[in-house]
Amino acid sequence: MSDGRKQNGIATPDAWRAASQASRTERAERLRLPSGATILAARPAPLEWILAGRLPQRLLGAALDDSSASPAGAEREISREEILDLARFAAQLVVASVIEPRIGTGPGEIALEEIPVEDRAFIFEWACRALSEASDDMPSGAPNPNQEDHAIPANGIERFRSK
């Protein structure tokens, strides 16, 4: 059917995909990058990152951690695997944020590796502000993952998963 619904009134996958794309485009912004290129990008909502399973465990742990569970100022070193998780997350976030030109390996797309590193870093930092702004909107007394003295216990995510 031409209106994007099957005969039973339920949306088709193509119609749902188009509605999702239209929503992203509505909230998109033009960004001028350090290279001078201009792109169209939309910040993914933090809930999108969590539901898609693309938020690294260390960052998710920071968002879910109870700051009273560990002494203030306590820090632990980031493991090699956590650094790799963060690098994968950064790449996924850049790809997810850019609407035009599309990032990918298909016709009419630009490969992520072809984008100057300064531009990728700029897009990543811009997109991460959504997470920062979301945590600023938390009610008073809620843990803030952006606090400098906020420690993340090594078992934070396992504690969350066991609930």
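It should be emphasised that the depicted structure is a prediction, and the values quoted were computed from it without experimental measurement.

A. Quick peek at the overall build of the protein. For the protein, the helix and strand inventory stands at 6 helices and 3 strands. Each helix (α) and strand (β) of the protein, taken in turn from the N terminus, gives the series α-β-β-α-α-α-β-α-α. Per-residue burial for the protein yields a buried fraction of 29% across its 163 residues. By sequence separation, contacts in the protein at least 24 residues apart represent 62% of the contacts at least 6 residues apart.

B. Expanded view of the sheet that holds strand β1 (residues 29-32). In spatial order, the strands read β1-β2-β3; together these 3 strands make up an open sheet with antiparallel pairing. Either end of the sheet is taken by a strand with one partner, and the two such strands are β1 and β3 (98-100). Here the average twist between neighbouring strands, direction ignored, is 50°. Sitting on the sheet, helix α4 (residues 80-97) is in contact with β2 (38-41) and β3, with an inclination near 35° to β3.

C. Quick peek at the pairing of β1. Relative to β2, β1 runs antiparallel, the two being bridged by 4 bridges. Paired with E29 across the two strands is A41, which belongs to β2. From the end of β1 to the start of β2, which pair antiparallel, there are 5 residues, and G36 there has a positive phi angle of about 100°.

D. Broad picture of the side chain of S97. With respect to the helices and strands, S97 occurs in helix α4. In this structure the side chain of S97 is engaged in a polar contact, spanning 2.7 Å, whose partner is the backbone oxygen of L93. Every residue in contact with S97, bar those within four places of it in the chain, is listed here: R24, L40, A41, A42, P44, I123, W126 and A127.

E. Structural view of the packing of aromatic side chains. Applying the stated criterion to the full structure yields 1 aromatic pair. On the basis of an interplanar angle of 85° and a centroid distance of 6.1 Å, the ring pair of F89 and F124 is categorised as edge-to-face. Here F89 is found in helix α4, whereas its partner F124 is found in helix α5 (residues 117-136), with 35 residues between them in sequence. A residue is classified by how much of its surface remains accessible, and F89, at 3% relative accessible area, is buried.

F. Representation of the pattern of salt bridges within the structure. If you walk through the whole model with that rule in mind, you get 5 salt bridges. The shortest N-O distance in the salt bridge between E81 and R88 comes to 2.9 Å. Of the residues examined, E81 reaches a relative accessible area of 44% and is grouped as partly exposed. Relative accessible area serves as the criterion here: at 42%, R88 is assigned to the partly exposed category. One salt bridge connects D85 with R88, and the closest N-O pair in it is separated by 2.5 Å. Taken together, the residues D85 and R88, both in helix α4 and 3 residues apart, mark about one turn of the helix. Judged by its relative accessible area of 25%, D85 is partly exposed. Linked by salt bridges that have partners in common, E81, D85 and R88 make up one network.

Basis of the calculations
Positions within a chain are numbered from 1, following the residues in the order the chain's sequence is written. Only residues with pLDDT of at least 70 get local features here, since the model is predicted, and only at 80 or more are side-chain atom pairs given and counted; chain-wide, interface and lining totals rely on the full set of residues. The basis for every side-chain value is the complete set of non-hydrogen atoms in the structure, without hydrogens or water. Helix and strand assignments follow DSSP, with helices taken as H or I runs no shorter than four residues and strands as E runs no shorter than two, numbered in order from the N terminus. Buried means the residue's accessible area, taken with a 1.4 Å probe over protein chains only, is under 20% of the maximum for its type, while exposed means over 50%, and partly exposed covers the values in between. Two residues qualify as a contact provided that any one of their heavy atoms is within 4.5 Å of a heavy atom in the partner residue. Two strands pair if DSSP finds at least two bridges between them. The convention used is that axes are lines fitted to C-alpha atoms, helices contributing only their stretch in contact, and that angles between N-to-C directions extend from 0 to 180 degrees. N or O atoms within 3.5 Å of each other form a polar contact, as long as, within protein, one can give a hydrogen and the other can take it, and as long as residues adjacent in sequence are counted only when both atoms are side-chain atoms. For Phe, Tyr and Trp, where Trp contributes only its six-membered ring, two rings pair if their centres lie within 6.5 Å, and the inter-plane angle classes them as stacked under 30 degrees, edge-to-face over 60, or tilted in between. A pairing counts as a salt bridge when a side-chain nitrogen of Lys or Arg comes within 4 Å of a carboxyl oxygen of Asp or Glu.

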